[in-house]
Every structure is written in structure tokens, then in C-alpha cells.
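Summary of the model geometry
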Amino acid sequence: MSDSDSRRAATLLHLRGAAAAKGDPLAPLLVLASMYHLPGDPAGHPQYGRADNATIEELERALGHLEDAPTVAFPSGMAAITAVLASLLRAGDRLLVPSDGYYTTRELCAWFAAHFAVEVDTRPTPTLEEGGFDGYRVVFVESPSNPGLDACDLQSIARKVNASGGLLVVDNTLMTPFGQRPLELGADVVVASDTKAPNGHSDVLLGHVATRDAELLRALRAWRKLAGSIPGPFEAWLALRGLATLEVRFARMCDSAEAIAPRLAARPEVRAVRFPGSTGDPSHALAARQQARFGFVIGLTLASAAAAERFIERCALLEPATSFGGVHSTAERRARWGDAVDPGFVRLSIGCEPTAELCAALLAALE
Ligand SMILES: *Cc1c(COP(=O)(O)O)cnc(C)c1O
């Protein structure tokens, strides 16, 4: 971990204490309030739950600390992405999105095209730069992409997109701020689903947007208030608890994935492994350059859909579930949701189980 990541991880745990008054609880307060006591002039006070909540603001301070940028929280990753698109795009604008990224993002962009006359183009992540970025108001990328784990050069794309007058938005869900820092690489906006590793306990939907663009921040906050796209305070409180251990969980998960990926790749039952940490992986060189860690998601191709289902079912330390980033390892056959992947392709999300135990259980389930 870099010195600055290490410093951010350490100081995250003391943000609240540093601002506390004598006698304040050290743990975050769960403020459940739609109304506030407001006699007389309400200016300068919390006014209504759609705009003001101390627990959500505390979560935004914690996320903003990790992102090193002002951050706005939303009730899900998709709500965060919707807020960015709604804040940046006007009818007639052009938007570029990956053809191999998160499926729901593509569906949302198709909705913007059909309902709001936004022109949407798609390109595969590995060749995203081909064709240039002239005329695009927004370029939206995921690196590594979910679920294929292909990469694109964020620094080079940011430079080119900005030079042609557009903005680069990076979905950093797979990496978290401990795995990759797109704003440092030149991106204008980071979006992420905190439903995944940041909360990490598979019990909350939440998302955020981080940006240093003051005008966009104003638009995001206005959108949130107008659209009512505000997280629940209890979810924010749970996510604060989850965030406190993100650094240790993420380190364990990434360490385990690095140990496990080559063991899986060496097995005759496995046709292919995608993991940016493996030296032969098409994403390796870029990932090594622009990521701090290689992540905890492994793409595994087995002989058939049946072999993939059997592997997931047999492994005692694997939960069959969609989504990723939880404390427990999970897996799913992505083709069942219509992703354009091999029927035997399994997305494996490495959890916090002790590495040797997990590795042994995964190898045993392949037999
Ligand atoms: C899960 C996910 C989202 C959507 O987040 P939700 O919290 O489920 O709305 C967006 N992008 C990526 C890459 C994701 O994995």
C-alpha cells in the first residue's frame, strides 16, 4: 500500500474522534429524522430529511476522505450513475459507454437514448480509444470491466477526452479507492456501488459520486433533492460500519485472489482464467501500471454450463449469488443474466475466508 493510501486508511478511523466534543459518542449516530424542530427562521439549520441528515453527511465525509474529493451519497450504485448522467447530459449530447461493462448501466443509457434524445455509442473496453472522443460530452468507462475484467488506459483516455472537450466518468466499483484512484489519473468523476466491497456485508444498497468539479457537485446535490434520490440513514450507518474495515477486508481479498488464481489456472478442469494479477492476462500490464491492487474478482471458464453450476454448488465456501465484494466468497454463472460470455464462465468474488482454507475448498470442488 502506498504511503498516502496507508495514511488515508489510518485517519479514516479517527475522523469522528478528531471532530468530537467531550462526551460525544465515538460511534456514528443513527439519525432517523424526516422532520426537525424549526421555530422561526429555518435558514442554516437542517430542514427536511430529503436534503439534510447527519448520518448521511458523516458517510459522505468518510467516503470523501477515501476519495480525496467531495462526495455525494446515493441510495444505490445505479442511483449514483443516474445522477451523473442526469446532471451532465442534455438532449442531443453524445455519450460513449463500454459494450462489455455493467449490464444495467448499458440499459440505463438506452433509456436515456429512448426518452431524452441522448445519442449513445458503445465500444469494447480494450479498444475504447480507437475512433477518438470528438463530439462526446461524456465518456463513461469501467476498468477492469465487469464481468470480463478487461482494462483500458484511464490516464490516456482522460487526457484525450478532456482535450476534445468532454468529461471522463469512471465506474470504480471493482477496485474501491484502495485499488485504483481514477481522479489521480485525470478522470473528472468517479462513481461506485458501495453495495459491493465498501459496505461488504451483503446487507445494504448504496452508491456515491466523487468529483472536484464544483459545478457538477451543485448539480448532483440539486438532482438528489429534486429526484428524492436520498439514501436511508440506516443504510448510511451500516455502510459507515462496513467502511471502517474496508482496508483490511480488501487487502485479504486481493491477497487471496492473487494466491488462488494461479492454482485454479493450473487445473485441467479449468479452460481459462481471467485475473489482472496473472502475468499472462491481457489486462496485466495496464493493471500493474494504474491499479494499486489487482482486485478480488476472478473470471473462470469451465467446460460447460453444467460443470460451472456443479462447481458452484459443490464448494462449501462459495455462496451461489449475484453481486460481489461481500465477506463471504460468492460465485455465479454470468450467462444466466444474458452477459455475452461463455456458458461455462463463472465470476468468482473472493471473500475474507482464510486463504488456504478457501483455496483448498475451491480446488476440491473442481474435482
Ligand atoms: C453493482 C454495480 C453497479 C450498480 O450498483 P448497485 O448498488 O447494485 O445499484 C454499477 N456498476 C458496477 C460495475 C457494479 O458492479
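A count of helices and strands for the protein gives twelve helices and twelve strands. Relative to the compact-globule value of 21 Å for 367 residues, the protein shows a C-alpha radius of gyration of 21 Å, a close match. Based on the C-alpha atoms only, the size of the protein along its principal axes is roughly 75 × 50 × 35 Å. Looking at the 367 residues of the protein, the share that counts as buried comes to 51%. Residue pairs at least 24 apart in sequence account for 69% of intrachain contacts in the protein once pairs closer than 6 positions are excluded. Here the protein displays about 16,000 Å² of accessible surface, and carbon together with sulfur accounts for 56% of that area. Taking the average location of the 35 positive side-chain charges in the protein and that of its 43 negative ones, the two points are 1 Å from each other.

It is worth spelling out the environment of Glu-269 at this point. In this structure, Glu-269 sits in the loop between α9 (246–265) and β8 (270–274). For the pair Glu-269 and Leu-366, spaced 97 residues apart in sequence, the C-alpha to C-alpha distance is 6.6 Å. Every residue in contact with Glu-269, bar those within four places of it in the chain, is listed here: Leu-302, Ala-303, Leu-366 and Glu-367. Within the local environment of Glu-269, its side chain forms a polar contact with the side chain of Arg-267, the two groups lying 3.1 Å apart.

In the region of the ligand, 14 residues are neighbours, and Gly-77, Asp-171, Ser-193, Thr-195 and Lys-196 sit closest. Within the contact set of the ligand, an oxygen atom lies 2.8 Å away from a side-chain nitrogen or oxygen of Ser-193. Measuring from an oxygen atom of the ligand, one finds a side-chain N or O atom of Thr-195 at 2.6 Å. Taken by itself the ligand offers 380 Å² of open surface, and the protein chains cover 93% of this. Per-element tally for the shell around the ligand: the top contributor is helix α4 (residues 77–88), with three residues.

One finds Leu-264, Ile-298 and Leu-362 to be the most contacted residues of the largest nonpolar core, which totals 55 residues. No other element matches the eight residues that α9 contributes to this core. Once you skip the residues sitting within four places of it in the chain, Leu-264 turns out to touch Val-270, Val-273, Ile-298, Leu-300, Leu-348, Leu-362, Leu-363 and Leu-366. Core analysis: the second largest hydrophobic core is formed by 26 residues, Leu-108, Val-138, Val-191 and Leu-216 among them.

Throughout the structure, instances matching the rule amount to 19 salt bridges. A salt bridge links Asp-121 to Arg-94, with the shortest nitrogen-to-oxygen separation between them at 3.2 Å. Placement of Asp-121 in strand β3 (residues 119–123) and of Arg-94 in strand β2 (residues 94–98) is noted, with a sequence separation of 27 residues between them. Residue class for Arg-94 comes out partly exposed when judged on its relative accessible area of 25%. One salt bridge connects Glu-332 with Arg-334, and the closest N-O pair in it is separated by 2.5 Å. The structure contains a network of salt bridges with shared partners spanning Asp-5, Arg-8, Arg-181, Glu-184 and Arg-212.

Let us look at the sheet that holds strand β7 (residues 207–211). Across the sheet, which stays open at both edges, the seven strands sit in the order β1-β7-β6-β5-β4-β2-β3 with mixed pairing between neighbours. Unpaired on one side and paired on the other, β1 (71–74) and β3 mark the two borders of the sheet. Ignoring strand direction, the axes of neighbouring strands in this sheet form an average angle of 20°. Packed onto the sheet, helix α6 (residues 154–163) meets β4 (138–142) and β5 (167–171) and runs at close to 150° relative to β5.

Now for the packing of aromatic side chains. What the rule picks out here adds up to four aromatic pairs. An angle of 15° between the planes, with centres 6.0 Å apart, marks the rings of Phe-234 and Trp-237 as stacked. Highlighted residues: Phe-234 and Trp-237, both in helix α8 (residues 233–243), separated by three residues, approximately one helical turn. Trp-237 gets classed as partly exposed once you look at its relative accessible area, which sits at 23%. Ring plane angle 90° and centroid distance 6.0 Å describe the contact between Phe-250 and Phe-296, whose orientation is recorded as edge-to-face. Pair noted here: Phe-250 is in helix α9 and Phe-296 is in the loop between α10 (284–290) and β9 (297–302), with a separation of 46 residues, a long-range link. Its relative accessible area of 2% is what places Phe-250 among the buried residues.

The next point concerns the side chain of Asp-150. In this structure, Asp-150 sits in the loop between β4 and α6. In terms of polar contacts, Asp-150 uses its side chain to reach the side chain of Arg-274, at 3.0 Å. Excluding residues that lie within four positions of it along the chain, Asp-150 makes contacts with Asp-100, Thr-125, Pro-126, Glu-142, Ser-143, Pro-144, Ser-145, Arg-274 and Ser-283.

When the terminal C-alpha atoms of α4 are compared, their 17 Å separation across twelve residues agrees well with the 16 Å that a helix rising 1.5 Å per residue should span. Judged by how many residues are buried, α4 sits mostly within the fold: nine of twelve residues are covered. Those residues of α4 that fall on the buried side of the exposure criterion are Gly-77, Ala-79, Ala-80, Ile-81, Ala-83, Val-84, Leu-85, Ser-87 and Leu-88.

Attention shifts here to the sheet that holds strand β10 (residues 319–320). Strand order in the open sheet made by the five strands is β8-β9-β12-β11-β10, with mixed pairing throughout. Of all the strands in the sheet, the pair left with one neighbour each is β8 and β10. Pairing geometry for strand β11 (residues 330–333) and strand β12 (residues 345–349), over four bridges, is antiparallel. Note on β12: the bridge partner recorded for Ala-331 is Leu-348. Across the sheet, helix α11 (residues 305–314) is in contact with β9, β10, β11 and β12; its angle to β11 comes to roughly 160°.

Cut-offs and rules
Numbers given to residues run from 1 along each chain, matching the order in which its sequence is written. The model is predicted, so local features are restricted to residues of pLDDT at least 70 and side-chain atom pairs to those at 80 or more, both for listing and for counting; the totals for chains, interfaces and linings are taken over all residues. As a rule here, side-chain values come from all non-hydrogen atoms in the structure, and water together with hydrogens is ignored. By definition, any uninterrupted DSSP run of H or I lasting at least four residues is a helix, any uninterrupted run of E lasting at least two residues is a strand, and each is numbered from the N terminus. Only C-alpha atoms enter the radius of gyration, while the globule expectation follows 2.2 Å times N to the 0.38, with N the number of residues. Burial status follows relative accessibility: with a 1.4 Å probe on protein chains alone, a residue under 20% of its type maximum counts as buried, one over 50% as exposed, and anything between as partly exposed. Any two residues whose heavy atoms approach within 4.5 Å at even a single point are treated as in contact. Note on areas: Shrake-Rupley with a 1.4 Å probe; residue coverage comes only from the protein chains shown. Counted as positive: Lys and Arg. Counted as negative: Asp and Glu, with His and the chain ends omitted from the count. Lysine's charge is taken at NZ, arginine's at CZ, aspartate's at CG and glutamate's at CD. Here a polar contact is taken to be a pair of N or O atoms separated by no more than 3.5 Å, where protein atoms must pair a possible hydrogen donor with a possible acceptor and residues adjacent in sequence count only if both atoms sit in side chains. Throughout, the term near means that a residue has one or more heavy atoms lying within 4 Å of the molecule or strand in question. As used here, the term nonpolar core means buried Ala, Val, Leu, Ile, Met, Phe, Trp, Tyr and Cys residues forming a set that is joined through side-chain atoms within 4.5 Å. Note on definitions: salt bridges are taken to be side-chain nitrogens of Lys or Arg within 4 Å of carboxyl oxygens of Asp or Glu. If DSSP finds at least two bridges between two strands, the strands pair. Axis definition: a line fitted to C-alpha atoms, over the contacting stretch in the case of helices. Angles run 0 to 180 degrees between N-to-C directions. Here a pair means two rings of Phe, Tyr or Trp (six-membered ring of Trp) with centres within 6.5 Å. Their orientation is stacked below 30 degrees between planes, edge-to-face above 60, and tilted elsewhere. Expected span, for any helix, means 1.5 Å times one less than how many residues it has.

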